Amino acid sequence: MKYVLVTGGVVSGLGKGVTASSIGLLLKACGLRVTSIKIDPYLNTDAGTMSPVEHGEVFVLDDGGEVDLDLGNYERFLDIKLTRDNNITTGKIYQDVIDRERRGDYLGKTVQVVPHITDAIQEWIERVAQIPVDGKSGPADVCVIELGGTIGDIESMPFIEALGQFSYRVGSDNFCLIHVSLVPVLNVVGEQKTKPTQHSVRGLRCLGLTPHLIACRSTTALEENVKTKVSQFCHVQKENIITLYDVSNIWHIPLLLRDQKAHEAIFKVLNLQGLTREPELEEWTSRAEICDMLHEPVRIAMVGKYTRLSDAYLSVIKALVHSSVARGKKLFVDWVPAGDLEDATAKENPDASKAAWKLLKGADGVLVPGGFGDRGVQGKILAAKYAREKRIPFLGICLGMQIAVIEFARSVLGLKDANSTEFDPNTKNPCVIFMPEGSTTHMGATMRLGSRRTYFQSTECKSAKLYGNKRFIDERHRHRYEVNPEMVARLENAGLSFTGKDETGQRMEIVELRNHPYFIGVQFHPEFKSRPGKPSALFTGLIAAACGQLDVFLQGSESKRNIPNGPANDMSQRHIPYGASNDMPQRNIPNGASNHMFQAACGQLESFFQGSETKRNVPNGAAKAYQNGAATKLANRPQDGAYSIFNGMHL
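Owing to the predicted nature of the structure, the values given are computational and were not obtained by experimental measurement.

Caption draft 1: Spatial organisation of the overall build of the protein. Within the protein, the regular secondary structure consists of 22 helices and 25 strands. When the accessible surface of the protein is totalled, it reaches about 25000 Å², and 49% of it is carbon and sulfur.

Caption draft 2: Examining the packing of helix H15 (residues 377-390) against helix H16 (residues 399-411) more closely. Remark: H15 packs on H16, axes separated minimally by 9 Å, with the N-to-C direction vectors making an angle of 70°. The angle between the axes of H15 and H16 places the two elements in the roughly perpendicular class. As H15 packs across H16, the resulting crossing turns out to be right-handed. Contacts from Val377, Gln378, Lys380, Ile381, Ala384, Lys385 and Arg388 in H15 reach Leu399, Ile403, Ala404, Ile406, Glu407, Phe408, Arg410 and Ser411 in H16. Class assignment for the residues of the contact of H15 with H16 results in eight nonpolar, two polar and five charged.

Caption draft 3: Looking closely at the side chain of lysine 329. Counting through the fold element by element, lysine 329 comes out in the loop between helix H12 (314-326) and strand E13 (330-337). Given the relative accessible area of 8%, lysine 329 is considered buried.

Caption draft 4: Here's a closer look at the nonpolar core. One finds Val4, Leu320 and Leu367 to be the most contacted residues of the largest nonpolar core, which totals 95 residues. Contacts of leucine 367, omitting those with residues within four sequence positions, involve Ile300, Ala301, Met302, Val303, Val316, Leu320, Leu395, Ile397, Phe539 and Leu542. In this structure, Ala301, Val377, Val405 and Phe408 belong to the second largest nonpolar core, which totals 43 residues.

Caption draft 5: Expanded view of a nonpolar patch on the surface. Taken together, the side chains of Tyr94, Ile98, Val113 and Val114 define a hydrophobic patch exposed on the protein surface, amounting to about 310 Å² of accessible area. Within the secondary structure, isoleucine 98 is located in helix H4 (residues 90-103).

Caption draft 6: Unusual backbone geometry, seen in detail. Residue proline 115 is reached from valine 114 by a cis peptide bond, and omega for that bond is 20°. Looking at where proline 115 falls in the secondary structure, it is placed in helix H5 (residues 113-129). Positioned with a positive phi, histidine 235 is a non-glycine residue whose angle comes to about 60°. Tracing the backbone shows histidine 235 in the loop between helix H8 (224-234) and strand E11 (241-245). With a phi angle near 55°, asparagine 469 is a residue other than glycine that sits in the positive phi range. Mapping asparagine 469 onto the fold places it in the loop between helix H17 (462-466) and strand E19 (472-479).

Caption draft 7: Geometry of the pattern of salt bridges. For the structure on display, the rule yields 31 salt bridges. The closest approach of N and O atoms between glutamate 75 and arginine 476, which form a salt bridge, is 3.0 Å. In this pair, glutamate 75 is assigned in helix H3 (residues 70-78) and arginine 476 in strand E19, connecting sequence segments 401 residues apart. Residue glutamate 75 shares its accessibility class with arginine 476, and that shared class is buried. A salt bridge links glutamate 75 to arginine 531; the shortest N-O distance between them is 3.1 Å. Taken together, the residues glutamate 75 in helix H3 and arginine 531 in the loop between strand E23 (519-522) and helix H19 (537-546) connect sequence positions 456 residues apart. Judged by relative accessible area, arginine 531 falls into the buried class, the value being 5%. Three or more residues joined by partner-sharing salt bridges are found here, namely Asp62, Glu75, Asp79, Lys81, Arg476, Arg531 and Lys534.

Calculation criteria
- Residue numbers restart at each chain and count upward from 1, following the sequence in its written direction.
- Two thresholds apply to this predicted model, a pLDDT of at least 70 for residue-level local features and 80 or more for giving and counting side-chain atom pairs, whereas whole-chain, interface and lining totals are computed over all residues.
- As a rule here, side-chain values cover all heavy atoms of the structure and leave hydrogens and water aside.
- We count a stretch as a helix when DSSP gives it H or I for four or more residues in a row; a strand needs E for two or more, and each element gets its number in order from the N terminus.
- Here the Shrake-Rupley method, with its probe set to 1.4 Å, supplies the accessible areas, and only the displayed protein chains count as covering residues.
- Every axis corresponds to a line fitted to the C-alpha atoms, with the helix fit spanning only the stretch in contact, and the corresponding angles, defined between N-to-C directions, vary from 0 to 180 degrees.
- The labels follow the angle: roughly parallel below 35 degrees, roughly antiparallel above 145, roughly perpendicular from 65 to 115, and oblique for the rest.
- It is the rotation of the near helix from the far one that decides the hand of a crossing: anticlockwise by less than a right angle makes it left-handed, clockwise makes it right-handed.
- In this analysis, two residues are considered to be in contact whenever any of their non-hydrogen atoms come within 4.5 Å of each other.
- Amino acids outside the nonpolar list (Ala, Val, Leu, Ile, Met, Phe, Trp, Tyr, Cys, Pro) and the charged list (Asp, Glu, Lys, Arg) are all regarded as polar, and Gly is one of them.
- Relative accessibility under 20% of the residue-type maximum defines a buried residue, over 50% an exposed one, and the middle range a partly exposed one, all with a 1.4 Å probe and only protein chains included.
- Buried residues of nine kinds, namely Ala, Val, Leu, Ile, Met, Phe, Trp, Tyr and Cys, make up a nonpolar core once their side-chain atoms join them within 4.5 Å.
- The patches described consist of residues with a relative accessible area above 30% and no salt bridge, like charges being joined within 9 Å and nonpolar side chains (Val, Leu, Ile, Met, Phe, Trp, Tyr) within 5 Å.
- Should a side-chain nitrogen of Lys or Arg be within 4 Å of a carboxyl oxygen of Asp or Glu, the pair is scored as a salt bridge.

Quick look at the structure:
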């Protein structure tokens, strides 16, 4: 087993997760099987109880693991399925060691950070690296490990020590360290400054780890003299100094690594020269280049509680991106704070209320994501009502589905006090109730989590058609409240259809509104399984409906219904290089006007390749952010804390 460790220095938010994902993709494109591990040095056992505003979204895995959002990046880039053990936290390690001590496994020894904690970390890494995550048998060839936080953090020290020991444990030919550091450009002098990187690497070396490659984050490509300086003061070969500058979308990052021969440097360290091939990234390159060409806009209003931090809805944004690119549209996300839609805000802050309603009314589609607590719920209900009455395409996820049911009960059934027991435990008309098996005393890992099966009740509903007329689907869940089964009959008699249910028929999984262009709510989270080239069916339906293409999309999808969750047509006769996506919707969308755009785009691909180097040196293009109804230029604002602004989205 070969190990690639990615660390970060100077400041947080440099994009270690994107870098680690891109390295994994590059190695996979060279013919290697890749797995990933994320180390988070916080005491929480997992991310399940952490606020999205503080830490970003909680990403949910098939096995129910609530993990760091970077594991979502790994899954999306590498098209793999990770486990909860692929996310290591200080809490997990200490719990493991304490459990061993209580069992008497240490035979009376004094349990200490060194060697017991550090040994447990190393054993965990070796064990998890052997778990296959790509659907094949046997372990992967390479494990990419990302150490969260910044070098020098107190909480990271046990992991730094463990990884230093680990490099000797596995041998120098099996361990490669890549350090991601910042090379800022001071506006006053306009010069790239290397001193932060020098100090960061010096600190890393003092802790017993020596980097083999340095990935320098900067707004522009590193100048040659700057590379020379970093090489000289950090004791790293010049060809191993990689520059990762701002690009138009993060799909270009693996291409930057490839163009600078990062894979060759890694293979030299890991003694893999001659055992791999050149990276085959044709499909990925096509997607990245064509993505930059999109110009026909589609506007989606994101009505949520955590709109000040885009990472709180990272997977939702990614799923919208995947689907909009597949439909040949340039995505604009309008962030609508749910609370600003409420009557109280209209009285207290009329300007904010007016701006929020302007964004909602100007959108082509409305998306209400999940969340917890009663803040902003009334605003979400008003957004669902507006979409229902004005026949605007609507997708509600988890809480978004529940508020759609509540709104329908209030407006159509006339149950003015209809509510969820989460928000009003004493409501006389509980449309949403606490799950019977849920814990009322513990919060962590007590929800209905992970992959669960949903059975379609009809093949004629939109959701079933979008999923290719399957009998059932498996999607990831994260909730502790559900639609009250005692209310279902009344709701369905009034026109609300529960088209997807669990195996018992008692849990409502999908709700649709009859005689509406697109009004769907789902209890699960389809965003967690969306991939570049394999967009989520429901998100694709939302984008298609928002563009007025849903009927054409459904009518023309017969040939692609045998491929789950993707708009690509039959690919069985087409060679797909190992490591590349097996699905390239940009070249295979057989749907009306979008097809002509993609034909033209693909016809210009060669010229794009020839001019791509120049294009990649222009950070962020002319991307705009739409906030409070006004377009503003964003100067070098990163996505995921790194690298890009995607086609005008405010990230």
